[in-house]
Amino acid sequence: MDNKIILKAEDLDGYLTQEDMKDLASLDEMFKETMKSFNPVNEAKIIEGYDKMGHEMQKICKKHPRIKVYSFETETQAQAEASRVIAKLRDERTDHQEFMYYSQRAYEMLFRMAYANQSTDEKGHIVVKTPVTYPVQNYAVHKIPAIDHKINNSVMCVMLRGALLPSMIVSKEIEEFSSNSYITPFALFKISRNDSKNENNMEYVLDLDKSFFNLEQLNGKDLIFADPMNATGGSLVTVVKYLQSQGVKPKSIAFFNTISTLKGSIRVTRALENCTCYTLWMDPVMNEKAYIMPGLGDAGDRLNGCDTKDHPRNIIQLLSDYGHNISSLYRSQMFEIERTVLG
């Protein structure tokens, strides 16, 4: 018998208030109006429609302090950088290697927003041994934000498979900003959606037999999830609710997304105590199949390549397919993941 946990879409809707539903319905109408300019293409009307939706989403997000949108929270220059990165990720012409590169930039920006850019008077120092040895061995000193207290209790929780590389990127950022080069433990969860379902009756399936985690390692920790896309929020809620049912009490939960829908962000921050959503860009709606619109396609396939239906890759094969460059850059993270899987 399969060892699976299933969460249904109707279990999520109870977290939305009447005001939430009204706000979401308003955005849905605005997006439908904008889509009228997609065919034939009327760029001026499309720009006008997205501008209106952006202002509306920014207004709505002010009601939800645990939803942090990069393009709403940062100065104009940083917003322009986010726009360029998201535009490249969305573009159908962006190939696999470029998509990986811009995904890395996206998560570096999100990490800075969540941890490194927060004002603090306390500074840490990195003392670096350089290759210059004449007349004596040279060293350099660089100041960094003192954020050990925010990151050294973290566990990276990976929702396989699309979230694997983003999780490694965030873990690498933690290692670089930690004064003691802290390497996060990893917990790997095989979570998927039942794609035969629609948004209103979707099922989220957590396969425990294909997941790798230690409950004791998760209790009392700051759990970090890095998933490129947050459409409904169901995958995150499924994993965390299961952990809580097993006695795990997270100290905090941080959810990092390249793109999130407003609905998905509201759901997870209402459903999960002490959960903050950090997203580089917010999209207004989903279609009936629960895919984000305008979205960027299947982020997992664009990051990892497509599996065949009959021969899906296991986690070790997926790591191997990342290639030498990724393996070398994230070697500490690769080792932790392999140790978690292989025991």
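Here, every reference points to the structure presented above.
Residue numbering note: each chain is counted from 1, following its sequence as written. pLDDT decides what is reported in this predicted model: residues at 70 or higher carry local features, side-chain atom pairs at 80 or more are listed and counted, and totals for whole chains, interfaces and linings draw on all residues regardless. Computation of side-chain values: all heavy atoms of the structure, hydrogens and water removed.

1. What about the nonpolar core?
Cut-off, in case you're wondering: Nonpolar cores are built from buried Ala, Val, Leu, Ile, Met, Phe, Trp, Tyr and Cys residues. Side-chain atoms within 4.5 Å join them into one set. Exposure categories follow from relative accessible area, calculated using a 1.4 Å probe and restricted to protein chains: below 20% of the type maximum is buried, above 50% is exposed, and the middle band is partly exposed. Note on conventions: DSSP H or I runs of at least 4 residues are helices, E runs of at least 2 residues are strands, and numbering of each starts at the N terminus. The contact rule is simple, with two residues in contact once any of their heavy atoms fall within 4.5 Å.
By size, the foremost hydrophobic cluster in this structure holds 88 residues, and its most contacted members are L164, F225 and F256. The greatest single-element share of this core, amounting to 12 residues, is contributed by helix α6 (residues 96-116). Residues contacting F256, with those up to four places away along its chain left out, are Y107, L110, F111, A114, Y115, I224, F225, A226, D227 and Y278. Core analysis: the next-biggest nonpolar cluster, separate from the first, contains 14 residues, L24, M53, M57 and I60 among them.

2. Topic: the pattern of salt bridges
As a working rule, side chains carrying opposite charge can pair if their charged atoms are close by. Our working definition: The salt bridge criterion pairs a side-chain nitrogen of Lys or Arg with a carboxyl oxygen of Asp or Glu, the two atoms within 4 Å.
The tally for this structure, following the rule as stated, stands at 17 salt bridges. Ionic pairing is found between E98 and K88, a salt bridge with its closest N-O pair at 3.5 Å. Taken together, the residues span a long stretch of sequence, with E98 in helix α6 and K88 in helix α5 (residues 76-90) at a distance of 10 residues. You can call E98 partly exposed: its relative accessible area is 28%. Salt bridges here are not isolated pairs; linked through shared partners, they connect E19, D23 and K63.

3. Quick look at the packing of aromatic side chains
Selection rule: Ring geometry is summarised as follows: Phe, Tyr and Trp rings, the Trp one being its six-membered ring, pair when their centres sit within 6.5 Å, and such pairs are stacked at plane angles under 30 degrees, edge-to-face over 60 and tilted between the two. The rule is short: NZ of Lys or CZ of Arg within 6 Å of the ring centre and within 35 degrees of the ring normal puts a charge over the ring.
As enumerated under the stated definition, the model contains 9 aromatic pairs in all. Ring centres 6.4 Å apart and planes at 75 degrees place the aromatic pair F31 and Y50 in the edge-to-face group. In this pair, F31 is assigned in helix α2 (residues 18-35) and Y50 in helix α3 (residues 43-61), connecting sequence segments 19 residues apart. Given the relative accessible area of 2%, F31 is considered buried. Take Y50: its relative accessible area is 28%, and that puts it in the partly exposed class. Put simply, the rings of F111, Y115, F177, F256 and Y278 touch in pairs and so form one group of aromatic residues. A cation over a ring is seen here: R193 above Y291, with NZ or CZ 5.2 Å from the ring centre.

4. Observations regarding the environment of V237
Here V237 is to be found in helix α10 (residues 234-245). The exposure class of V237 is buried, given its relative accessible area of 2%. Separated by 156 residues in the primary sequence, V237 and E81 have C-alpha atoms spaced 30 Å apart. Apart from residues lying up to four places away in sequence, V237 is in contact with L7, L12, V268, A271 and L272.

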